[in-house]
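Topology and contacts: notes
Read off the chains here:
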Amino acid sequence: MTDGRAAVANTGSTPQSVQIVEDLTTSLADRIAAGEFPLGTWMRQAKVAQDYGVSRTPASLALSRLEAIGVLERVPNRGFRVRYPSPREILEVFEVRAALEGHAAYLAASRITEAQLQQLREQVAGLRRVVEMLRDGGDPEAVSAPWQQSHNAFHQTIFEAADNSQLHEAANALYRKLPRKVSWLALRGDPRSLTQHADELERITMAVETRDGAKARKLTIAHIEAARELIVTHLPIPD
């Protein structure tokens, strides 16, 4: 067992069993939010139990909990899979994300450290390297991971620089509703769209660097609204 899975162990007592289910639910939700399990991925009870070293009962309960909060859906006679959000859900999530991330960028402009600014620059550079790999004939699926890593790290750094734990916690809850990898699915490895995405993050970085909080917020909101429209238009439809 590794990462969040290491915290899950089957001990058998009732209080501990409850904690096992809670830890398992949280770990799976975080991994889905990070894009480890893409939309439409089947979540097999036996596989979850095996991966976490627990019996099938807590695995089943955790999957049911994730269904209850809208992360998974149960398909009759087939089991659970990572749920595709509806267009309305996407719109609602992005409305709230724009407010939260816009404010995070506003706060970051006055609180960010030089080390954090350097991290933002490095993540934008990482995004541009992915674009170059694609233009050189790289496989879109192969470069998905480095794109996601740089993209996620950029937003993580903005929230860290904002230095408001409640704001960050609220944003993480939203990511569980709409996994981060959704934006990559919508961009579909198109170098032009990816370049525009990187350009938008670079402009946000420059606004934060010049301590222009109002501009950083405005650019962040515009970036999220653009991503929302792209996702609503191009998100794949499940079978």
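About the criteria used
- Residues numbered from 1 in each chain as written.
- Predicted model: local features only at pLDDT ≥ 70, side-chain atom pairs only at ≥ 80, totals over all residues.
- Heavy atoms only, no water.
- Helix = DSSP H or I, 4+ residues; strand = E, 2+ residues; numbered from the N terminus.
- Expected span 1.5 Å × (residues − 1).
- Salt bridge = Lys/Arg side-chain N within 4 Å of Asp/Glu carboxyl O.
- Pairing = 2+ DSSP bridges.
- Contact = heavy atoms within 4.5 Å.
- Axes fitted to C-alpha atoms, helices over the stretch in contact; angles between N-to-C directions.
- Phe/Tyr/Trp six-rings, centres within 6.5 Å; stacked < 30°, edge-to-face > 60°.
- Lys NZ or Arg CZ within 6 Å of the ring centre and 35° of its normal.
- Core = buried A, V, L, I, M, F, W, Y, C linked by side-chain atoms within 4.5 Å.
- Buried < 20%, exposed > 50% of the residue type's maximum accessible area, 1.4 Å probe, protein only.

1. Description of helix H3 (residues 56–68)
If you check H3, its first and last C-alpha atoms are 18 Å apart, about what 13 residues at 1.5 Å a residue would give, namely 18 Å. Among the residues trailing H3, Gly-70 stands out with phi positive, at a value near 90°.

2. Describing the pattern of salt bridges
As enumerated under the stated definition, the model contains 13 salt bridges in all. Between Asp-51 and Lys-47 there is a salt bridge, and its shortest N-O distance comes to 2.9 Å. In this pair, Asp-51 and Lys-47 both sit in helix H2 (residues 45–52), four residues apart, roughly one turn of the helix. In this structure, Arg-121 engages Glu-209 in a salt bridge whose closest nitrogen and oxygen atoms are separated by 3.0 Å. Of this pair, Arg-121 sits in helix H5 (residues 114–135) while Glu-209 sits in helix H9 (residues 191–209), and the two are 88 residues apart along the sequence. The structure contains a network of salt bridges with shared partners spanning Glu-114, Arg-121 and Glu-209.

3. Re the pairing of strand S2 (residues 72–75)
Side-chain positions along a regular strand alternate between the two faces of the sheet. With four bridges joining them, S2 and strand S3 (residues 79–82) adopt antiparallel strand pairing. Across the sheet, the residue bridging to Arg-74 is Phe-80, located in S3. Linking two consecutive strands that pair antiparallel, namely S2 and S3, is a turn of three residues; a positive phi of about 65° is found at Asn-77 within it.

4. What about the sheet that holds S3?
Spatial ordering of the open sheet is given by S1-S3-S2, a layout of three strands whose pairing is antiparallel. Across the chains shown, the open sheet's two edge strands, defined by having one partner strand only, are strand S1 (42–43) and S2. Relative to the sheet, H3 contacts S1, S2 and S3, its axis offset from that of S2 by approximately 110°.

5. Some thoughts on the packing of aromatic side chains
Across all of its chains, the model carries zero aromatic pairs by this definition. Between Arg-217 and the ring centre of Tyr-106, over which it is positioned, the NZ or CZ distance is 4.3 Å.

6. Brief notes about the nonpolar core
Grouped together as the largest cluster of nonpolar side chains are 63 residues, with contacts concentrated most on Leu-24, Leu-28, Met-43, Leu-72, Trp-147 and Val-208. Looking at this core, the element that brings in the most residues is helix H4 (residues 87–111), giving nine residues.

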